[in-house]
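Structure assessment
Here is how the chains run, residue by residue.
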Amino acid sequence: VGASGFLLGASALSGDSGQGASVDGRTIKGRVTLFDVHGQYEHRGLWLRALYARTSLGDAALINAQNGFEASQSVGSRQHGFYLEAGYDVMNAHPRGQWAVVPFVRYERLNTQVRIPDGFAKNPALDRKVLTAGVSVKPLTTVAIKADYEAHSNLARSGVGQFNLSVGFLF
């Protein structure tokens, strides 16, 4: 769905992922179901983005057994996450050729062990939050240079921050 700078979409996927594997004579179907909804709004240099995704995985206990996972190593039988992002092209008010300079901020929350099979323990390090702030510079519409800092946190209090620098080219 789209209208004057606004975009809204959703997608869903479901299928088996077991690839014929089995444990103790039991075939792993590993049914994966994924759903997401996302939106974006752009107007006069301002852009806002959001995404929510939820997945489920069948036969998680069998997958754990096949891989020798124990305790908090479990794959999740349910996962979810979202992000909210905002940015503003400061060159929008005074255009200078094709240049765009977009400071941005993004907040993410994700948990890959929302639900786990009986007999396993959740790993608190997998319930995460990420706060990112940075700037994207586009000297041409097909070239982007991006720098940002990510502050990671989780329930295990073991999050580590990181600085990212990247260059992209669209052809």
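On a predicted model such as this, the values are computed, not experimentally measured, just so you know. (Residues numbered from 1 in each chain as written. Predicted model: local features only at pLDDT ≥ 70, side-chain atom pairs only at ≥ 80, totals over all residues. Heavy atoms only, no water.)

Things to note about the overall build of the chain
Heads up, the rule is: The way it works is that DSSP assigns letters per residue, a run of H or I at least four long becomes a helix, a run of E at least two long becomes a strand, and they are numbered from the N terminus. Radius of gyration here is computed from C-alpha atoms only, and the compact-globule reference equals 2.2 Å multiplied by the residue count raised to the power 0.38.
Scanning the chain for helices and strands turns up one helix and eleven strands. The order of helices and strands in the chain, counted from the N terminus, is β-β-β-β-β-β-α-β-β-β-β-β. A globule of 171 residues ought to have a C-alpha radius of gyration of about 16 Å, yet the chain, at 20 Å, is considerably larger. On the principal axes, the C-alpha backbone points of the chain span a range of 65 × 35 × 25 Å.

Quick word on the confidence of the model for the chain
Let me state the cut-off plainly: pLDDT expresses how confident the predictor is about each individual residue, on a scale running from 0 to 100.
Here the chain averages 94 in pLDDT, while 97% of its residues score no lower than 70. Confidence, read as mean pLDDT per element, is least for strand β1 (residues 2-3) in the chain (60) and greatest for strand β7 (residues 78-88) (98).

Examining unusual backbone geometry
Here is the rule we go by: Here the term buried applies to any residue with accessible area under 20% of the maximum for its type, exposed to any over 50%, and partly exposed to those in between, with areas from a 1.4 Å probe on protein chains only.
In this structure, R44 is a non-glycine residue whose phi angle is positive, near 50 degrees. Here the phi dihedral of D59 falls at roughly 60 degrees; this positive angle occurs in a residue that is not glycine. Relative to the helices and strands, D59 is located in the loop between β6 (46-57) and α1 (60-67). A relative accessible area of 30% places D59 in the partly exposed class.

Some details on the environment of L57
Our working definition: By definition in these notes, contact holds between two residues if any of their heavy atoms fall within 4.5 Å.
By the element assignment, L57 lies in strand β6. Of the residues examined, L57 reaches a relative accessible area of 18% and is grouped as buried. Taking the C-alpha atoms as reference, L57 lies 9.1 Å from D16; in sequence the two are 41 residues apart. L57 has contacts with S17, G30, R31, V32, I63, V75, G76, S77 and Q79, leaving out every residue within four places of it along the chain.

Considering the side chain of D127
Structurally, D127 can be placed in strand β9 (residues 127-140). Take D127: its relative accessible area is 14%, and that puts it in the buried class. Excluding its chain neighbours within four sequence positions, the residues that come into contact with D127 are R109, L110, N111, S153, N154 and L155.

Comments concerning the nonpolar core
Keep this limit in mind: Joining through side-chain atoms within 4.5 Å is the link that ties buried Ala, Val, Leu, Ile, Met, Phe, Trp, Tyr and Cys residues into a set, and such a set is a nonpolar core.
If you look at the biggest cluster of nonpolar residues, it comprises six residues: A21, V23, I28, L57, L62 and I63. When near neighbours in sequence (up to four residues on either side) are disregarded, L62 contacts V23, R26, T27 and I28.

Some words on the pairing of strand β5 (residues 32-43)
The line we're drawing: Any two strands between which DSSP finds at least two bridges are classified as paired.
Inspection of the sheet shows strand β2 (residues 6-15) paired to β5 by ten bridges, in the antiparallel sense. Bridging from a neighbouring strand, S11 pairs with D36 of β5. Both β5 and β6 contribute to a ladder of twelve bridges, which runs antiparallel. Looking at β6, one finds that V32 is bridged to L57.

Comments concerning the pattern of salt bridges
So the rule is basically this: In the sections that follow, a salt bridge refers to a side-chain nitrogen of Lys or Arg positioned within 4 Å of a carboxyl oxygen of Asp or Glu.
Going through the model one piece at a time under the given rule, you end up with five salt bridges. Across the pair E85 and R49 runs a salt bridge, and its minimum N-O distance is 3.3 Å. Highlighted residues: E85 in strand β7 and R49 in strand β6, separated in sequence by 36 residues. E85 sits in the buried class, given a relative accessible area of 9%. Each member of the salt-bridge network shares a partner with another, and the members are R49, E85, R106 and E108.

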